[in-house]
Amino acid sequence: MHDSHEPVSNGQRAGVLAGLPRRRTIEVSVGDASLSQMRFVSFKVNHFRSFISLFRWYHLLLHFLFNIVIDLLLGRDTPKRRALWLRRAFERKGGSFVKFGLHLSLRLDFVPWVYCNELSCMTDRMKPFPVEQAVETIERSTGKPLSAIFLQFDPEPISSSSIDNIYQAMFHDGTKAIVKVRRPGVGEQFMSDLEAFDWLLSIAEFLTIFRPGLTDGMLMEFRNHLLEELDFVQEARRQDAFRRAAAESRKNFFSAPRIRLDLTTEEVMINEFASGMWLWELLTAVEHGDESVLARAEEMNIDPELVAKRLLWVNYWSWSENLFFHADPNPDYVIVGRNSTIYFINFTSTGTLSRAKRQALRQNLDYAWERDPQNMARATLVLLEPLPPIDLIELIQELETYNWELVYALEAAPHSISWQERTSAVQWAGMVQLVRKYGITIDIQVLRFIRATLLIESMAARLHREINFLEQYQKFRGYRAEQSRRRVTDSVLDQMDGKGTEQTIIRMDRIAQAARSLVFRTSHMLSLPSVNFNSLMSKWSYAVYTLLLFFGQTAVLTLAFFLIMGAQSYVDGQQPLNVLDIFQTVIANPVYQVLLLVAVFVSGRTVLYRLDDKEI
């Protein structure tokens, strides 16, 4: 018998140590198999350029204030003239200043209504950059020569703004195209201007011209908005998504031009040409009775009243049913084609609403149709969440007052009131005034919705003298009901065909998860106090804390000046050093006095901001 403890010879291993067949693998380096990453658009910031831009901001403010002082001296100062001077100041600087002015027009909760109305009328026009730079950008970003893409390319741009030049061209198959090319270096310039504006706001908040922290969210929103406009890939994807969703809606009276995604980059966007007339041309013709334009519209079978109804329908569909809505549907970005077909372009600014806010807007329109201003006000509160510590009953009553004005205006004969009164402007304007009164911060998406809705309703009212946006919403509800019926019918048919078994189980599982989530959230809310007391420090406690902080700052400032004066006296050879004399010198120093007054002003304003807050 073989002893297992004896050593094994090489001859015995020979039959065991033998190669086996294996599948050959492809050698791949780690660098060839990198993880996928999200695409972000970013630009380098030139701090020197930002410093120069800061002086441009100061020059803008000085020019604006100078004109206001002149108006005060001449006795013609009004809010409307101030808004006009601010608009002209932004337009004189151009570029990102115009973009900021347009973004500021959205901040209805931060800027008075008359300023928002004036700033929204700004136009972004700029001298076009050379066509050679546009061609170089197209060829570099697409990786193809211009002749391989287009049969013809018009060197004269259709329009030119601070961000891009827009050209018309023709593909080799004869299809017309619109080519949008980003202005070289605009991203770096915009980011430098934004950094300078950030410095300016920091100074204003330090001096308590604005409440500390008030402008943080607005600055971030403006930065994101600029990056959205500079990223042509995102704009192209949104326009393509809108076009496909419009086709799925089974309505053939609205769309967006087809995007060539294979030729679109961050710097270049190419889409097919949409023929027709601009909406602003139709608006001007209707209001001024331009027979030549109206005759051309009739040849194209364009009915202004039908266009008005379709604009409202698309607006309801966009925020209620679609993933997003066009946040800037001004007449420059809407083309009316044959048979009153509407084409939307320029999707640089879009918005989206949560399910709760969409439901609140539907309820608001339903209650307006039922002439129930109080419940309209309650539905509006959802749009303002999260709310600070305020008197909700008082807020609802004040909202109800503006809602009654809207109800009365819609009950009046259409020809007895202006077209502005036939929109929901009075409701939203009243809400914005109360927002500023109670210190409420509105979600930027809600502000975008308000602006887009008012633009659409205004254009509809100007095209159709007797249109009622509530009646049009009731007709849109019929479409929603038909879509719901279709979904339910399809689901029942699938169940009968045996196709819905798995889907039914998935839906039941989702319902169970939603129920568990509801129980958790309810228990969580009941276990927490209704108020976060850490963020609601007593007003007088906060005042004492600020006072102690001021004393500490004053002590540090005095000590710093004391050491500086003492060192200066020592260098000058004054022996011995007299502490009392040095202290008196510090107190009499004008720089010390100015800094002390600034500290007193800042601390006092900070306390006043806190004392102005409402307690629960």
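Not measured: the values here are computed from a predicted model.

Analysis parameters
Residues numbered from 1 in each chain as written. Predicted model: local features only at pLDDT ≥ 70, side-chain atom pairs only at ≥ 80, totals over all residues. Heavy atoms only, no water. Helix = DSSP H or I, 4+ residues; strand = E, 2+ residues; numbered from the N terminus. Contact = heavy atoms within 4.5 Å. Areas by Shrake-Rupley, 256 points an atom, 1.4 Å probe, with all protein chains shown as cover. Buried < 20%, exposed > 50% of the residue type's maximum accessible area, 1.4 Å probe, protein only. Lys, Arg positive; Asp, Glu negative; His and termini not counted. Salt bridge = Lys/Arg side-chain N within 4 Å of Asp/Glu carboxyl O. Phe/Tyr/Trp six-rings, centres within 6.5 Å; stacked < 30°, edge-to-face > 60°. Core = buried A, V, L, I, M, F, W, Y, C linked by side-chain atoms within 4.5 Å. Pairing = 2+ DSSP bridges. Axes fitted to C-alpha atoms, helices over the stretch in contact; angles between N-to-C directions. Parallel < 35°, antiparallel > 145°, perpendicular 65-115°, else oblique. Left-handed = near helix turned anticlockwise from the far one by under 90°. Nonpolar A, V, L, I, M, F, W, Y, C, P; charged D, E, K, R; others polar. pLDDT = per-residue confidence, 0-100. Arc of directions from axis to C-beta. Expected span 1.5 Å × (residues − 1).

Caption draft 1: Just the overall build of the protein chain, in detail. A tally of regular secondary structure across the protein chain gives 23 helices and 11 strands. Of the contacts made within the protein chain by residues no fewer than 6 positions apart, 72% connect residues no fewer than 24 positions apart. Only carbon and sulfur atoms are counted for the fraction: they give 58% of the accessible area of the protein chain, which is about 35300 Å².

Caption draft 2: Expanded view of the side chain of E400. Inspection of the secondary structure puts E400 in helix 16 (residues 392–411). Buried charge E400 goes without a salt bridge, the closest partner of opposite sign being R378 at 7.5 Å. Apart from residues lying up to four places away in sequence, E400 is in contact with P373, Q374 and A377.

Caption draft 3: Spatial organisation of the packing of aromatic side chains. One pass over the structure, following the stated rule, counts 31 aromatic pairs. Ring centres of F51 and F55 lie 5.1 Å apart, and the angle between their planes is 80 degrees; this geometry places the pair in the edge-to-face category. Taken together, the residues F51 and F55, both in helix 2 (residues 47–74) and 4 residues apart, mark about one turn of the helix. F51 gets classed as partly exposed once you look at its relative accessible area, which sits at 42%. Judged by centre distance (5.8 Å) and plane angle (45 degrees), the rings of F150 and F153 are tilted. Residues F150 and F153 agree in their burial class; the two are buried.

Caption draft 4: The arrangement of the pattern of salt bridges in detail. Per the stated rule, a full pass over the model turns up 22 salt bridges. Across the salt bridge formed by R76 and D71, the nearest N and O atoms sit 2.8 Å from each other. Residue class for D71 comes out buried when judged on its relative accessible area of 1%. Here K180 and E235 are joined by a salt bridge, their closest N and O atoms 3.0 Å apart. Within this pair, whereas K180 is found in strand 4 (residues 176–182), its partner E235 is found in helix 10 (residues 232–248), the two being separated by 55 residues in sequence. On the basis of relative accessibility, which here comes to 8%, the residue K180 falls in the buried class. Residue classification places E235 among the buried positions, given a relative accessible area of 1%.

Caption draft 5: View of the nonpolar core. By size, the foremost hydrophobic cluster in this structure holds 114 residues, and its most contacted members are F90, F242, F254, L279, V307 and L311. Element by element, the count of residues in this core is highest for helix 18 (residues 444–463), at 11 residues. Discounting residues that sit within four places of it in the chain, F254 has contacts with F242, A246, S249, W313, V314, W317, T341 and I342. Listed in part, the 17 residues of the second largest apolar core include F153, F171, A177 and V179.

Caption draft 6: Here's a closer look at the pairing of strand 6 (residues 268–272). With 4 of 5 residues buried, strand 6 is to be regarded as a mostly interior element. Sheet topology note: the strand 4/strand 6 ladder contains 5 bridges and is antiparallel. The partner of I178 across the bridge, within strand 6, is N271.

Caption draft 7: Layout of the packing of helix 2 against helix 8 (residues 186–206). Viewed as axis vectors pointing N to C, helix 2 and helix 8 meet at an angle of 60 degrees, and their least axial separation amounts to 8 Å. Relative to helix 8, the element helix 2 is oriented oblique. Seen from above, helix 2 lies across helix 8 with right-handed handedness. In this structure, helix 2 contributes H47, R49, S50, F51, S53, L54, R56, W57, Y58 and L61 to the contact, and helix 8 contributes E188, Q189, S192, D193, E195, A196, F197, W199, L200 and I203. For the contact of helix 2 with helix 8, the class distribution of residues is 10 nonpolar, 5 polar and 5 charged.

Caption draft 8: The arrangement of the sheet that holds strand 7 (residues 277–278) in detail. In spatial order, the strands read 5-10-9-7; together these 4 strands make up an open sheet with mixed pairing. This sheet does not close on itself; its edge strands, each paired only once, are strand 5 (254–255) and strand 7. Sheet topology places strand 9 (residues 334–336) next to strand 10 (residues 342–344); 3 bridges connect them, and they run antiparallel. Within the sheet, the bridge partner assigned to V334 lies in strand 10 and is F344.

Caption draft 9: Expanded view of the confidence of the model for the protein chain. For the protein chain, per-residue confidence averages 82 on the pLDDT scale, and residues scoring 70 or more make up 83% of the total. Ranking the elements of the protein chain by mean pLDDT puts helix 1 (residues 10–13) last with 57 and strand 10 first with 96.

Caption draft 10: Spatial organisation of helix 11 (residues 279–288). Within the span of helix 11, buried status applies to L279, L282, L283 and A285. End-on, the buried residues of helix 11 take up no more than an arc of 165 degrees, which puts them together on one face. On its buried side, helix 11 packs onto strand 7, helix 12 (291–299), helix 13 (304–320), strand 9 and helix 18. Of the residues flanking the end of helix 11, it is G289, one or two places downstream, whose phi is positive at about 65 degrees.

Caption draft 11: How the structure looks around helix 15 (residues 373–384). Between the first and last C-alpha of helix 15 there are 17 Å, a value that for 12 residues agrees with the 16 Å anticipated at 1.5 Å per step. Within the sequence span of helix 15, burial applies to P373, M376, A377, A379, T380, L381, L383 and L384. Summarising the contacts, the buried residues of helix 15 are in contact with helix 14 (355–369), helix 16, helix 17 (425–438) and helix 18.

Caption draft 12: Just the side chain of S320, in detail. When you line up the elements, S320 lands in helix 13. Residue contacts for S320: discarding those within four places in its chain leaves R358, R362, F476 and R480.

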